[in-house]
Structure formats: structure tokens, C-alpha cells
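# Topology and contacts: notes
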Amino acid sequence: DTGVSQDPRHKITKRGQNVTFRCDPISEHNRLYWYRQTLGQGPEFLTYFQNEAQLEKSRLLSDRFSAERPKGSFSTLEIQRTEQGDSAMYLCASSREESSYEQYFGPGTRLTVT
Amino acid sequence: KNQVEQSPQSLIILEGKNCTLQCNYTVSPFSNLRWYKQDTGRGPVSLTIMTFSENTKSNGRYTATLDADTKQSSLHITASQLSDSASYICVVTLRNTGRRALTFGSGTRLQVQP
């Protein structure tokens, strides 16, 4: 399978705990994006990387959120001190630089904070 | 206010019937518009993409139209099938912007009943 993969697919955690999600993009894609999607809404942009550089962060990305892409391949999204409002689907997408509108999405990680 | 508005929010149709979903956008300068299909609990999958110079694009039973003057797009589904039950999301990409992400609508939830 050469598509975008995300792990885990589901995560249930208690409020206050830290969680980390992983995204493996399509191998030849140098751009990687994180989105958050709540029920009944479209995805909302969080941040994106070009290779290992984080080029833009949304104001939705509070200081409890941090994303990394240390080697320009896979990326991790960490949420510290989770809150119930963090419950959502976290989507990862990747694209080539020259066709950044052609984003391919992963299956998402569903986070539930109890 | 969301810059990409979709209607209706939800729609129920009988198997075999046709339907049309609407998308109005206010973002500019416009680069391209895409329709995505998102099954429950999965990431979005691209159906069609149109630049401002195109006014129609087909993908099997899906036909998208675009009127760049009125900033409206529609997605027409012909001879619906049970597997068409999903959310359909309209996505607009801006031209000449430092932001490499997409602007999503909230989606139309389609349910096809037997």
C-alpha cells in the first residue's frame, strides 16, 4: 500500500494525558499537512511541512499541540494535557511541492478524550 | 463565516435517483475547486478537480460544474447507489498565497436508501 497511513486509527484517553499520533506520507511527497475534523464539519487546517521545515501553523494549534517531521519523512502530532474539546478526527495529507492542491489524505486518527 | 458554503447540509434519496449538491465560495483569488467524498470514519478521497477555466468535469456517475463568475459549483450524482452514502466536501484552493492548505466546506451528508 503506497497511500498515506496513520497510526493509531483510534485513541481513547483520559483528560490531562498526552497523546501522540503518527503519519507516514506517500514516499515521494515532500509536503505533509495536518488537519482536525469535528463531527459534521469539514477538515480545519492545523499545520504543514515542506520536508522537515514547518512552514505554517494555524491559530488553532495551541501551545499544547506540537508537530514534528524530523527527517522529512514521517510526522508526529503530539497533544499535551488533553482536553475534552480535543476530541476529533485528526487527518494527515501529503502532496508534491509543485502540486500542493493535489493532497492525498490518510484514514485519520479518531481521538476521544474522556 | 466560512468562505465555502455547501447546501443542503444533509440529503436522503432513494437508490437509483439523481441528486445535485451545491457549493458557493467567496475566497479569492481562486485557483481550483475540488469535490471530495468522505466515508464515515475515513479520510476524504478526491472525486474531481476544476480550474477557473473549466466549467464541467466528470468522473463516472459524478459530474461537477463550475461557474467562476458567480462563484458557484455543483456536484451531480446520477443513478445513485447505496455506496454513494457519504459526506461530499467542496474544497477551494487560493492562488498566489503562502498558505499551502485548502479551504473546506462543511460538507453535505448524503444518505442513499434502498
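Residues numbered from 1 in each chain as written. Chains lettered and ligands numbered in written order. Predicted model: local features only at pLDDT ≥ 70, side-chain atom pairs only at ≥ 80, totals over all residues. Heavy atoms only, no water.

### Re the sheet that holds strand β3 (residues 19-25) of chain B
Residue and element names in this part refer to chain B. Defined as follows: Two strands pair under a simple rule: DSSP has to find at least two bridges between them. Only DSSP runs of H or I reaching four residues or more are called helices, and only runs of E reaching two or more are called strands; each is numbered from the N terminus. As a rule, the C-alpha atoms of each element are fitted with a line to give its axis, helices using only the stretch in contact, and angles between N-to-C directions run from 0 to 180 degrees.
Ordered by their spatial adjacency, five strands build an open sheet running β1-β3-β8-β7-β6, and the pairing between neighbours is antiparallel. Two strands bound the open sheet, and with one partner strand each, they are β1 (4-7) and β6 (56-59). With strand direction ignored, the average angle separating the axes of adjacent strands in the sheet is 15 degrees. Across four bridges, the pairing between β1 and β3 is antiparallel. Paired with Ser-7 across the bridge in β3 is Gln-22.

### Things to note about the sheet that holds strand β7 (residues 65-68) of chain A
All names here are of chain A. What the four strands build is an open sheet, ordered β1-β3-β8-β7; its pairing is antiparallel. Where the open sheet ends on each side, the last strands, each with one partner, are β1 (5-7) and β7. Across the sheet, the mean angle from the axis of one strand to that of its neighbour is 15 degrees, orientation sign disregarded. Strand direction decides the pairing type here: β1 and strand β3 (residues 19-24), joined by three bridges, are antiparallel. Counted as the bridge partner of Asp-7 is Arg-22 from β3.

### Digging into the packing of aromatic side chains
Residue and element names in this part refer to chain A. Cut-off, in case you're wondering: Pairing of aromatic rings covers Phe, Tyr and the six-membered ring of Trp, with a centre-to-centre limit of 6.5 Å; geometry is then stacked below 30 degrees between planes, edge-to-face above 60, and tilted otherwise. Burial classification: accessible surface area is computed with a 1.4 Å probe over protein chains only, and a residue below 20% of its type maximum counts as buried, one above 50% as exposed, and the rest as partly exposed.
For the structure on display, the rule yields 11 aromatic pairs over all chains. Aromatic pair Phe-21 and Tyr-90: ring centres 5.4 Å apart, planes at 40 degrees, arrangement tilted. One end of the pair, Phe-21, is in strand β3; the other, Tyr-90, is in strand β9 (residues 88-95), with 69 residues separating them in the sequence. For Phe-21, a relative accessible area of 1% gives the class buried.

### Regarding the interface of chain A and chain B
As a reminder, the rule being used: Any pair of residues with heavy atoms lying within 4.5 Å of one another is described as a contacting pair. We define buried area as the total accessible area lost by two parts upon association, computed with a 1.4 Å probe and summed across both. Here, a salt bridge means any Lys or Arg side-chain nitrogen found within 4 Å of an Asp or Glu carboxyl oxygen. Side-chain atoms alone can form a polar contact between residues adjacent in sequence; in general such a contact is a pair of N or O atoms within 3.5 Å, and within protein one must be able to donate a hydrogen while the other accepts it.
Each partner contributes to the interface: chain A provides 21 residues, whereas chain B provides 19 residues. Taking both sides of the interface into account, the surface hidden between chain A and chain B amounts to around 1,600 Å²; carbon and sulfur atoms contribute 51%. Seen at the junction of chain A and chain B, the total is zero salt bridges. For the pair chain A and chain B, the number of links is four residue pairs in polar contact (both at pLDDT 80 or more). At the level of secondary structure, the elements contributing two or more residues to the side of chain A that touches chain B comprise β4 (31-37), β5 (44-50) and β9 of chain A. The greatest single-element share of the side of chain A that touches chain B, amounting to four residues, is contributed by β4(A).

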